[in-house]
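# Topology and contacts: notes
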Amino acid sequence: MPKISNKGIQMPESPIRKLVPYAEGAKKRGTKVYHLNIGQPDIKTPEVALQAVKDFDIKVLEYSHSAGFESYRNKLSAYYKNQGLPVDTKDIIITTGGSEALMFALGSTLDNGDEVIIPEPFYANYNGFATASGVKVVPVISGIETGFALPPMEAFEKLITPKTKAIMICNPGNPTGYLYSEAEINKLAEIVKKHDLFLIADEVYREFAYDGLKHYSVLNVPGLEQHAIMIDSVSKRFSMCGARIGCVVSKNEEFMATAMKFAQARLSPPTYAQVASEAALDTPQSYFDEVITEYVDRRNTLVSEMQKIEGVTIANPKGAFYCIAKLPVKNADDFAQWLLEEYSFNGETVMVAPAAGFYSTPGVGLDEIRIAYVLKKEDLIKSVQILKEALKVYKN
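Keep in mind that what you see is a predicted model, and the values were worked out from it rather than measured.

Basis of the calculations
- Residues numbered from 1 in each chain as written.
- Predicted model: local features only at pLDDT ≥ 70, side-chain atom pairs only at ≥ 80, totals over all residues.
- Heavy atoms only, no water.
- Helix = DSSP H or I, 4+ residues; strand = E, 2+ residues; numbered from the N terminus.
- Pairing = 2+ DSSP bridges.
- Axes fitted to C-alpha atoms, helices over the stretch in contact; angles between N-to-C directions.
- Contact = heavy atoms within 4.5 Å.
- Parallel < 35°, antiparallel > 145°, perpendicular 65-115°, else oblique.
- Left-handed = near helix turned anticlockwise from the far one by under 90°.
- Salt bridge = Lys/Arg side-chain N within 4 Å of Asp/Glu carboxyl O.
- Buried < 20%, exposed > 50% of the residue type's maximum accessible area, 1.4 Å probe, protein only.
- UniProt positions renumbered as here; feature names shortened; annotations may be inferred.
- 1 Å grid on protein atoms, 1.4 Å probe; cavity = no way out; pocket = protein on both sides within 12 Å on 5 of 7 lines; lining within 4 Å.
- Points joined across faces, edges and corners; volume = space filled by probe spheres on them.
- Nonpolar A, V, L, I, M, F, W, Y, C, P; charged D, E, K, R; others polar.

### What to know about unusual backbone geometry
In this structure, the amide linkage connecting Asn171 to the following residue, Pro172, adopts the cis form with an omega of -5 degrees. Secondary-structure assignment places Pro172 in the loop between strand E5 (164–170) and helix H8 (182–195). Note the cis peptide between Asn174 and Pro175, where omega equals 25 degrees. Here Pro175 shows up in the loop between E5 and H8. In this structure, Asp211 is a non-glycine residue whose phi angle is positive, near 60 degrees. Relative to the helices and strands, Asp211 resides in the loop between strand E6 (198–202) and strand E7 (228–233). Non-glycine residue Leu267 carries a positive phi angle of around 75 degrees.

### Here's the deal with the sheet that holds E5
Pairing within the open sheet is mixed, and its 7 strands lie in the order E2-E8-E7-E6-E5-E3-E4. With partners counted over all chains shown, the strands left at the sheet margins are strand E2 (92–95) and strand E4 (136–141), one partner each. Geometrically, the sheet is characterised by an average inter-axis angle of 25 degrees between neighbouring strands, direction not taken into account. In this sheet, E6 lies alongside E5 in parallel orientation, the contact comprising 5 bridges. What sits directly across from Ile167, in E6, is Leu199. Those strands touched by helix H5 (residues 97–109) are E2, E5, E6, E7 and strand E8 (246–249), and its axis lies near 160 degrees from that of E7.

### Things to note about the packing of H5 against helix H6 (residues 125–133)
Contact geometry for H5 and H6: axes closest at 10 Å, N-to-C directions at 45 degrees. By the criterion of interaxial angle, the relationship of H5 to H6 is oblique. Of the two possible hands of crossing, H5 and H6 adopt the one that is right-handed. Taking contact as the criterion, the partners of Ser99, Leu102, Met103 and Leu106 in H5 are, on H6, Tyr126, Phe129, Ala130, Ala132 and Ser133.

### Some remarks on the pattern of salt bridges
Scanning all chains against the criterion turns up 23 salt bridges. In this structure, Asp282 and Lys75 form a salt bridge, with 2.9 Å as the shortest nitrogen-oxygen distance. Residue Asp282 is found in the loop between helix H10 (271–280) and helix H11 (285–306), and its partner Lys75 is found in helix H4 (residues 70–82); the two are separated by 207 residues along the sequence. Judged by relative accessible area, Lys75 falls into the partly exposed class, the value being 26%. Across the salt bridge formed by Lys165 and Asp114, the nearest N and O atoms sit 3.1 Å from each other. Taken together, the residues span a long stretch of sequence, with Lys165 in strand E5 and Asp114 in the loop between H5 and strand E3 (115–120) at a distance of 51 residues. The class of Asp114 is buried, set by a relative accessible area of 4%.

### A closer look at the environment of Val192
Within the secondary structure layout, Val192 lies in helix H8. Residues within four places of Val192 in sequence aside, it is in contact with Ile167, Leu197, Phe198, Leu199, Leu224 and His227.

### Describing the UniProt feature "domain: Aminotransferase class I/classII large" (unreviewed entry) in the chain
In the numbering adopted here, UniProt assigns the feature "domain: Aminotransferase class I/classII large" (unreviewed entry) to residues 32–344. Helix and strand shares over residues 32–344 are 38% and 16% respectively, and the end C-alpha atoms of the span are 9 Å apart.

### So, the side chain of Ser233
Summarising the element assignment, Ser233 is placed in strand E7. Of the residues examined, Ser233 reaches a relative accessible area of 7% and is grouped as buried. Apart from residues no more than four positions distant in its own chain, Ser233 is found in contact with Gly98, Val204, Ile245 and Gly246.

### Quick word on empty space enclosed by the protein
Counted according to the given criterion, the structure contains 2 cavities of 30 Å³ or more. Approximately 130 Å³ is the volume attributed to the largest cavity. Those elements that place two or more of their residues in the lining of the largest cavity are E3 and E5. Classifying every residue of the lining of the largest cavity by side-chain character gives 14 nonpolar, 4 polar and 1 charged. Approximately 60 Å³ is the volume found for the second largest cavity. Surrounding the second largest cavity, Tyr72, Leu76, Tyr80, Asp232, Ser233, Val234, Arg237, Phe238, Ile245, Gly246 and Cys247 form its lining. For the lining of the second largest cavity, the secondary-structure elements that each account for two or more residues are H4, E7 and E8. Among the elements that make up the lining of the second largest cavity, the one with the highest residue count is H4 (3 residues).

Here is the structure:
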């Protein structure tokens, strides 16, 4: 029998999706499941985007340019400039989701065996993207005690070796909801310039910044043009996860020319999704104002309710729509599975994402979960009540 590749064997399971069969089993038994495990917003997609697809009249569904529609890139450039980012059309390649943008970034900057430093916990698929690219993730640990603030610069510099080619961050963070300050971004900029590294910033949650705080992009840093690579997506901003449209953005012409070869190899991003994404840029500011107000309300509700549970520690996120909670359990993986396989409260249960899968350091985050507060307030309150009751009877 032919053998599966080592790379395939090493490819990690998704900590977010691996419990799906247990959730399906719970639903078949008649148990209602509240999904706190995945960042799928229940916010409506802008009508202007959906209408654009309905109105798109074509006779042949043909390839687009490998870099994406020029009209979309022009409009995206104007959007970024309105956000204070110096992005021209030539600095943008449209990708099939932010995931492909990350693959292009890793493939264009790191060779097999090279290292990328990432503050952990981090978006679980970074492990998968790195494995697929033959790249080694070197974690620098941030903790719930500091709200997952950027680790000290010394912690980064101790990890830099001749194999280190990049530092990667998610800002605001998935799974922590941490929003890096301008000072923290500038510190990272100093390190990558000093050691001649790339700084890859996943900024797909840019609009989701709370408490009067502002998002500060790596593209805002003067003198970082040859180092900075930004990853973006329409998935969360416009509640268009299924569109699978993202982009990779950089002022570094050599990097962009290299990324373009990857773009050509996969031919082109999907046409109808680009139509929707281009139209979505006409979404009025009032849409975002309402969405931010809603998420702040949900965050406040979730955090205040979780703080009432004895033995639980929860970080207060300043962006995105995720947070990490430390539970009084030994193994959150087992607890999450038990919630779906064996437990219900008034015929209902919750699905959470065990946080160990968001670390690459073995044994870290075993008692933590990631919660996505993408449900309405009433459902969040019910979900926390279920967690509270479940922890009373769960046997470690």
